[in-house]
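# Close look at the chain arrangement
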Amino acid sequence: MTAGITLDLSDPVPPYEQIRRQLSSLIAVGALEPGSRLPTVRSLAADLGIAAGTVARAYKELEQSGLIESRRRNGTIVLGPPRAPRGVAGGDAAVMAALDDVIRTARSARIGDESLVDLLRGRLAQTSKLDS
């Protein structure tokens, strides 16, 4: 079981970061619910054909972000998406609705998922430069 994770070894993004991003996204959209068990490091590494250390690094970063927790004997479980700061109660729902609109618009414009992600990353990079 790969938990819906795929790797593109021709992508310049390191494999551990691809795994971290995909798991983080699956948790954020609720595809991996709190309490869900993730595959063991060795199992996921074997399924993806990569070194166990690569998966371990992705899991470690997700754990540091508070998205997952590794427990001896019980494995690694999903804790859930990070809590919204106080006073931002409906923020997650509003963001998810906006993302759904963006996805619908992109699909009607025949923009592929990978291109949409690239557009979003580019836009985020532009706006972060403006914010600094």
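See the structure printed just above.
Report on the accompanying structure. Just so it is clear, the structure is predicted and the values come from calculations on it, not from any experiment.

How each quantity is defined
Residues numbered from 1 in each chain as written. Predicted model: local features only at pLDDT ≥ 70, side-chain atom pairs only at ≥ 80, totals over all residues. Heavy atoms only, no water. Helix = DSSP H or I, 4+ residues; strand = E, 2+ residues; numbered from the N terminus. Buried < 20%, exposed > 50% of the residue type's maximum accessible area, 1.4 Å probe, protein only. Contact = heavy atoms within 4.5 Å. Areas by Shrake-Rupley, 256 points an atom, 1.4 Å probe, with all protein chains shown as cover. Expected span 1.5 Å × (residues − 1). Arc of directions from axis to C-beta. Axes fitted to C-alpha atoms, helices over the stretch in contact; angles between N-to-C directions. Parallel < 35°, antiparallel > 145°, perpendicular 65-115°, else oblique. Left-handed = near helix turned anticlockwise from the far one by under 90°. Phe/Tyr/Trp six-rings, centres within 6.5 Å; stacked < 30°, edge-to-face > 60°. Lys NZ or Arg CZ within 6 Å of the ring centre and 35° of its normal. 1 Å grid on protein atoms, 1.4 Å probe; cavity = no way out; pocket = protein on both sides within 12 Å on 5 of 7 lines; lining within 4 Å. Points joined across faces, edges and corners; volume = space filled by probe spheres on them.

### What about the overall build of the protein?
When you go through the protein residue by residue, the secondary structure sums to five helices and three strands. Starting at the N terminus, the α and β elements of the protein follow one another as α-β-α-α-β-β-α-α. With 132 residues in all, the protein has 21% of them scored as buried. Sequence separation of at least 24 residues holds for 47% of the intrachain contacts in the protein that already meet a minimum separation of 6. Split by element, the accessible area of the protein, about 9200 Å² in all, is 54% carbon and sulfur.

### What to know about helix α3 (residues 52-64)
The terminal C-alpha atoms of α3 lie 18 Å apart, and with 13 residues this matches the ideal 18 Å at 1.5 Å per residue to within 8%. Listing the buried residues of α3 in full gives Val55, Ala58, Tyr59 and Leu62. An end-on view of α3 places all buried positions within 95 degrees of arc, on one side of the element. For α3, the exposed residues set more than 90 degrees away from the buried face come down to Gly53, Lys60 and Gln64. At the C-terminal side of α3, Gly66 shows a positive phi close to 80 degrees.

### Regarding helix α1 (residues 15-28)
Given a rise of 1.5 Å per residue, 14 residues ought to cover 20 Å, and the 20 Å separating the end C-alpha atoms of α1 matches this to within 8%. If you check which residues of α1 are buried, you get Tyr16, Glu17, Gln18, Ile19, Leu23 and Ile27. Contacts made by the buried residues of α1 are with β1 (37-38), α2 (41-48), α3, β2 (68-71) and β3 (75-78). Positive phi appears at Gly30, one or two residues downstream of α1, with a value of about 85 degrees.

### Considerations on the packing of α2 against α3
Their axes nearest at 8 Å, the elements α2 and α3 cross at an angle of 120 degrees. Classed by the angle they form, the pair α2 and α3 counts as oblique. In this structure, α2 meets α3 at a crossing whose hand is right-handed. When α2 is examined against α3, the residues Val41, Leu44 and Ala45 are found in contact with a partner set consisting of Ala52, Val55, Ala56 and Tyr59.

### Remarks on the packing of aromatic side chains
The tally for this structure, following the rule as stated, stands at zero aromatic pairs. Across the ring face of Tyr16, the terminal group of Arg57 is positioned such that the distance to the ring centre comes to 3.7 Å.

### Digging into the layout of surface pockets
When its volume is computed, the largest pocket comes out at roughly 1600 Å³. What lines the largest pocket is a set of 38 residues, among which Arg21, Ser25, Val117, Leu120 and Arg121 lie closest to the centre.

### Points about unusual backbone geometry
Excluding glycine, residues mostly carry a negative phi; peptide bonds, for their part, are mostly trans. Phi is positive for Arg73, close to 70 degrees, though the residue is something other than glycine. Inspection of the secondary structure assignment puts Arg73 in the loop between β2 and β3. Assessed through its relative accessible area of 85%, Arg73 is described here as exposed. For Arg110, which is not glycine, the phi torsion reads 60 degrees and is therefore positive.

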